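Residue-level structure breakdown
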Amino acid sequence: MEAISRRNQKKKMEFLKYWTPEKWQPDMDAVWSHLEKYPAAKIGMVGFCWGTWAIWHESARNNKKFSCGVNFHPSVNIEILQGRKIEDLAEKLLNPMLMAPCKGDHASLQENGASHEIMKKNSLGSEYIPFPSMNHGFVSQGDVSDKEILTCVTKAMDSSYAFLEKHMKQ
């Protein structure tokens, strides 16, 4: 079983190194083109884990396409696997972000970490709601029969609704 787990981990790392923004951004271009057919007043993006990395890259290149991003248990540290720095991408963000890091997420993404300090300096209206007692993935995969997890998921959802409403008002 351990050999399978190591092999799966190796495959995941190979995939993450291969699947660079240059490979997936044409798919996002198709999404943006499709959305232009159905004009919305404003668009917000919500991501979990690797999805937060995509939101950050889209913010850095297409800030006019969406208003803000919500980032649960962010895995922007994919940047490191691809030979780049998280903080360099944080410097390029052009949209406000709600960050909800949890236990085990990269130090730069934690409250008062290097990326948080960059977001504060850039004054885009980003907010942080840390969940230091929660495991990575708790919002989308947590067992809400556990009272502490339910409380944190509720706080995360309520915070995201308020953040989206604040940044997407007409």
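Residues numbered from 1 in each chain as written. Predicted model: local features only at pLDDT ≥ 70, side-chain atom pairs only at ≥ 80, totals over all residues. Heavy atoms only, no water.

**A closer look at the packing of aromatic side chains**
Evaluation of the coordinates by the stated rule reveals 7 aromatic pairs. Aromatic rings pair up to connect Phe15, Tyr18, Trp19 and Trp50 into one cluster. The ring of Tyr18 is capped by Lys23, whose NZ or CZ atom sits 4.2 Å from the centre of that ring. (Phe/Tyr/Trp six-rings, centres within 6.5 Å; stacked < 30°, edge-to-face > 60°. Lys NZ or Arg CZ within 6 Å of the ring centre and 35° of its normal.)

**Here we look at the nonpolar core**
The biggest cluster of nonpolar side chains holds 22 residues, and the ones touching the most others in it are Trp56, Val76, Met97 and Met99. Among the elements that make up this core, the one with the highest residue count is helix H3 (residues 50–61) (4 residues). Counting 17 residues, the second-largest nonpolar core is a separate cluster that includes Cys68, Val70, Phe131 and Cys152. (Core = buried A, V, L, I, M, F, W, Y, C linked by side-chain atoms within 4.5 Å. Buried < 20%, exposed > 50% of the residue type's maximum accessible area, 1.4 Å probe, protein only. Helix = DSSP H or I, 4+ residues; strand = E, 2+ residues; numbered from the N terminus.)

**Here we look at the environment of Ala100**
Position of Ala100 among the secondary structure elements: in strand E3 (residues 97–100). The exposure class assigned to Ala100 is buried, which follows from its relative accessible area of 3%. Sequence separation between Ala100 and Pro74 is 26 residues, and the spatial gap between their C-alpha atoms is 7.2 Å. With residues up to four places along the chain from it excluded, the contact list for Ala100 reads Asn71, Phe72, His73, Pro74, Ile129 and Phe131. (Contact = heavy atoms within 4.5 Å.)

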